[in-house]
Amino acid sequence: MKNPSFDNFSTLLADVGNAFIRAGRYVARAMASMSWPALLVSCVALALAITVIPLALFLFIVFMTARMVVIACASRRRRGPATPYRTVGDAGE
């Protein structure tokens with residue numbers, strides 16, 4: 001007895017693999033037709049993209065987290081201490 005969900009999953013994996021192979025062949029053909037200076041520029045641009053974009057995202061997350069912590073501390077100081085808990089009937093209200 002065959003499992004239909006496994007067949008669908010294996011078909012999906014085969015399609016993804018074929019898409020990667022087609023993309024790899026396209027990139028290889030494009031690189032083969034490039035001149036040496038164009039290839040050098042594209043490699044440098046790819047290296048910059050691989051290093052700069054994750055660094056920028058990491059710094060954005062760090063600074064946003066620090067900003068949220070500073071805002072939380074400042075708003076707590078501005079509010080003052082918490083008021084003690086009282087029930088409605090204590091003061092005849």
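The rules behind these values
- Residues numbered from 1 in each chain as written.
- Predicted model: local features only at pLDDT ≥ 70, side-chain atom pairs only at ≥ 80, totals over all residues.
- Heavy atoms only, no water.
- Helix = DSSP H or I, 4+ residues; strand = E, 2+ residues; numbered from the N terminus.
- Buried < 20%, exposed > 50% of the residue type's maximum accessible area, 1.4 Å probe, protein only.
- Areas by Shrake-Rupley, 256 points an atom, 1.4 Å probe, with all protein chains shown as cover.
- Patch = residues over 30% accessible without salt bridge, like charges linked within 9 Å, V, L, I, M, F, W, Y side chains within 5 Å.
- Salt bridge = Lys/Arg side-chain N within 4 Å of Asp/Glu carboxyl O.
- UniProt positions renumbered as here; feature names shortened; annotations may be inferred.
- Polar contact = N/O pair within 3.5 Å; in protein donor to acceptor, adjacent residues only side chain to side chain.

Asker: Lay out the overall build of the chain with the relevant residues and their values.
Answerer: The helix and strand tally for the chain stands at two helices and zero strands. Counting over 93 residues, the chain shows a buried share of 1%. For the chain, the exposed area adds up to about 8800 Å²; of that, 73% sits on carbon and sulfur atoms.

Asker: Hey, could you go over a nonpolar patch on the surface for me, with residue numbers and the actual values?
Answerer: Taken together, the side chains of Phe6, Phe9, Leu12, Leu13, Val16 and Phe20 define a hydrophobic patch exposed on the protein surface, amounting to about 640 Å² of accessible area. Within the fold, phenylalanine 20 resides in helix H1 (residues 4–32). Note on phenylalanine 20: relative accessible area 61%, which makes it exposed.

Asker: Help me get a handle on the UniProt feature "transmembrane region" (unreviewed entry) in the chain, residues and values and all.
Answerer: The residues that UniProt annotates with the feature "transmembrane region" (unreviewed entry) are residues 39–70. Secondary structure over residues 39–70 splits into 100% helix and 0% strand, and the C-alpha atoms at its two ends are 46 Å apart.

Asker: Give me the environment of threonine 51: which residues, what numbers.
Answerer: With respect to the element layout, threonine 51 can be found in helix H2 (residues 36–79). Within polar-contact distance, the side chain of threonine 51 engages the backbone oxygen of leucine 48 at 3.2 Å.

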